[in-house]
Amino acid sequence: MGVVVPLPKPRRMAPIVQSEVFAMLIFVFAEIMLFAGFLSAFELVGARAPAGWWPPPGDPALPVAATGGATVALLLSGVAVGVSGLRAAAGGAVRWLGLGVVLGAVFVGYQAYEFSRLVQLGFTLQSSAHGGFFYTIVGAHGLHALAGMAVLVWAARAAAAERLTPGMAGAVRILWTFVVVLWPAIYAVVYL
Amino acid sequence: MRCAAGFGLALVLIRPDVALACSTCMDPKEGNQTLLWVTIVLSLLPLGMMAAIGGFFWTRLRAAAAAEALPLDTP
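Residues numbered from 1 in each chain as written. Chains lettered and ligands numbered in written order. Predicted model: local features only at pLDDT ≥ 70, side-chain atom pairs only at ≥ 80, totals over all residues. Heavy atoms only, no water.

Draft legend 1. Focus on the overall build of chain B. Counting secondary structure elements, chain B contains two helices and zero strands. Accessible area for chain B stands at about 6,100 Å²; split by element, carbon and sulfur atoms hold 73% of it. (Helix = DSSP H or I, 4+ residues; strand = E, 2+ residues; numbered from the N terminus. Areas by Shrake-Rupley, 256 points an atom, 1.4 Å probe, with all protein chains shown as cover.)

Spelled out as structure tokens, the structure:
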């Protein structure tokens, strides 16, 4: 009768990154390429236009200063969501996430107002190639901002109920950081 | 139909310049550098993102390996 010696359990290394964070990173990378394609096409078409014809002379001037103000609101919302990660342990995440949602709503609300004003001035998706690009790029970003705000609201509710896992919180912050950091690039290319 | 396709293919092979149908294609003689820069950015962006995530994983892996190597009674 032999002696049975139990083998030591194999050590399993803790995951180096949460699955939610990794999945969000892949999603964000795909979205970065989408917007890089949009902005590249915008630049190329603008570069091909004869001097003085881009943006087309008939198109209304884009509200650079007012959109700059909305940009500041969006950047501040990014700061608020970033701080929510630092304050998660102290239980202050909900307030900061809420502030991020409010500032994000200011940005999206202003964009909706800006779209309505521009449409009233005859600047539409079909009025010119410039209009098509403007509504496609800015509208796509606005949809991402709306989706990001919905996710922030969900995260704030989950944090209030103490159900928000570190992985989900990290994924939410990555998504909102993408929305915030992408906007200055769009603003610089499309508005300036 | 096949005749027309053959004619079109022959035309493209003999005179490729007539197939310049892409709205974003540019003549390098125009002296416009936009296409060059856009090509560089779009080529390097995915590589840069892959390098960034590779670096991120490498850093986390090294930190995790260093933590595993510590003796158990280390505070």
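Draft legend 2. The packing of helix α1 (residues 19–48) of chain A against helix α5 (residues 166–191) of chain A, seen in detail. Residues and elements named next belong to chain A. Orientation of α1 relative to α5, taken along the N-to-C sense of each, is 10°, at an axis distance of 9 Å. Classified by the angle their axes make, α1 and α5 are roughly parallel. Only G167, M168, G170, A171, I174, L175, F178, L182, I186, V189 and V190 of α5 make contact with α1, whose side of the interface consists of E20, V21, M24, L25, F27, V28, E31, I32, F35, L39, F42 and E43. When its residues are assigned to classes, the contact of α1 with α5 shows 18 nonpolar, two polar and three charged. (Axes fitted to C-alpha atoms, helices over the stretch in contact; angles between N-to-C directions. Parallel < 35°, antiparallel > 145°, perpendicular 65-115°, else oblique. Contact = heavy atoms within 4.5 Å. Nonpolar A, V, L, I, M, F, W, Y, C, P; charged D, E, K, R; others polar.)

Draft legend 3. Representation of the interface of chain A and chain B in the model. If you look at the interface, chain A gives 16 residues, while chain B gives 21 residues. A combined buried area of about 1,800 Å² lies between chain A and chain B, and 76% of that area is made up of carbon and sulfur atoms. Connecting chain A to chain B are zero salt bridges. Summed over the shared surface of chain A and chain B, the number is one residue pair in polar contact (both at pLDDT 80 or more). Looking at the side of chain A that touches chain B residue by residue, the classes come out as 11 nonpolar, two polar and three charged. (Buried area = accessible area lost by both parts, 1.4 Å probe. Salt bridge = Lys/Arg side-chain N within 4 Å of Asp/Glu carboxyl O. Polar contact = N/O pair within 3.5 Å; in protein donor to acceptor, adjacent residues only side chain to side chain.)

Draft legend 4. Up close: the packing of aromatic side chains. By the definition in use, this model includes 16 aromatic pairs over all chains. Arranged with centres 5.1 Å apart and planes meeting at 85°, the rings of F134 of chain A and Y135 of chain A form a pair that is edge-to-face. Taken individually, F134 of chain A and Y135 of chain A each receive the classification buried, so the pair is uniform in this respect. With centroids separated by 5.8 Å and ring planes inclined at 45°, the aromatic side chains of F56 of chain B and F57 of chain B adopt a geometry described as tilted. (Phe/Tyr/Trp six-rings, centres within 6.5 Å; stacked < 30°, edge-to-face > 60°. Buried < 20%, exposed > 50% of the residue type's maximum accessible area, 1.4 Å probe, protein only.)

Draft legend 5. Summary view of a nonpolar patch on the surface. On the surface, L36, W37, I40, L44, L47 and M50 of chain B cluster together to form a nonpolar patch covering roughly 630 Å² of accessible area. In this fold, L47 of chain B is placed in helix α2 (residues 34–69). (Patch = residues over 30% accessible without salt bridge, like charges linked within 9 Å, V, L, I, M, F, W, Y side chains within 5 Å.)

Draft legend 6. Focus on the side chain of T67 of chain A. Residues and elements named next belong to chain A. Topologically, T67 is positioned in helix α2 (residues 64–86). Judged by its relative accessible area of 1%, T67 falls in the buried class. Not counting the four nearest positions on each side in its chain, T67 is found in contact with Y110, E114, W183, Y187 and Y191.

Draft legend 7. Representation of helix α3 (residues 93–120) of chain A. Residue and element names in this part refer to chain A. Relative to the 40 Å expected for 28 residues at 1.5 Å per residue, α3 spans 41 Å between its end C-alpha atoms, a close match to the ideal helical length. Along α3, the residues that are buried comprise A93, L97, G100, V101, L103, G104, F107, V108, Y110, Q111, E114 and L118. Elements in contact with the buried residues of α3: α2, α4 (129–160) and α5. With its phi angle positive at about 90°, G122 sits one or two positions after the end of α3. (Expected span 1.5 Å × (residues − 1).)

Draft legend 8. Fine view of the nonpolar core. All names here are of chain A. Residues F134, W176, W183, I186, V190 and Y191 are the most contacted members of the largest nonpolar core, which totals 40 residues. Where this core is concerned, the elements lending two or more residues are α1, α2, α3, α4 and α5. The element that contributes the greatest number of residues to this core is α5, accounting for 13 residues. Non-local contacts of I186, meaning those with residues more than four positions away in its chain, are made with F35, L39, I137, V138, H141 and Y191. (Core = buried A, V, L, I, M, F, W, Y, C linked by side-chain atoms within 4.5 Å.)

Draft legend 9. Focus on the packing of α4 of chain A against α5 of chain A. Residues and elements named next belong to chain A. One can describe the packing of α4 onto α5 by two numbers: an axis separation of 10 Å at closest approach and a directional angle of 155°. In terms of orientation, α4 lies roughly antiparallel with respect to α5. Our pair here, α4 against α5, has a crossing hand that is left-handed. When α4 is examined against α5, the residues F134, I137, V138, H141, H144, A145, G148, M149, V151, L152, W154 and A155 are found in contact with a partner set consisting of M168, V172, L175, W176, F178, V179, L182, W183, I186, V190 and Y191. The residue inventory of the contact of α4 with α5, partitioned by class, reads 20 nonpolar, three polar and no charged. (Left-handed = near helix turned anticlockwise from the far one by under 90°.)

Draft legend 10. Structural view of the environment of F35 of chain A. Residue and element names in this part refer to chain A. Considering the arrangement of structural elements, one finds F35 in helix α1. On the basis of relative accessible area, F35 is assigned to the buried category, the value being 0%. Spatially, the C-alpha atom of F35 lies 7.4 Å from that of I137, the residues being 102 residues apart in sequence. Setting aside residues no more than four positions away along its own chain, F35 makes contact with I137, A140, H141, H144, F178, L182 and I186.

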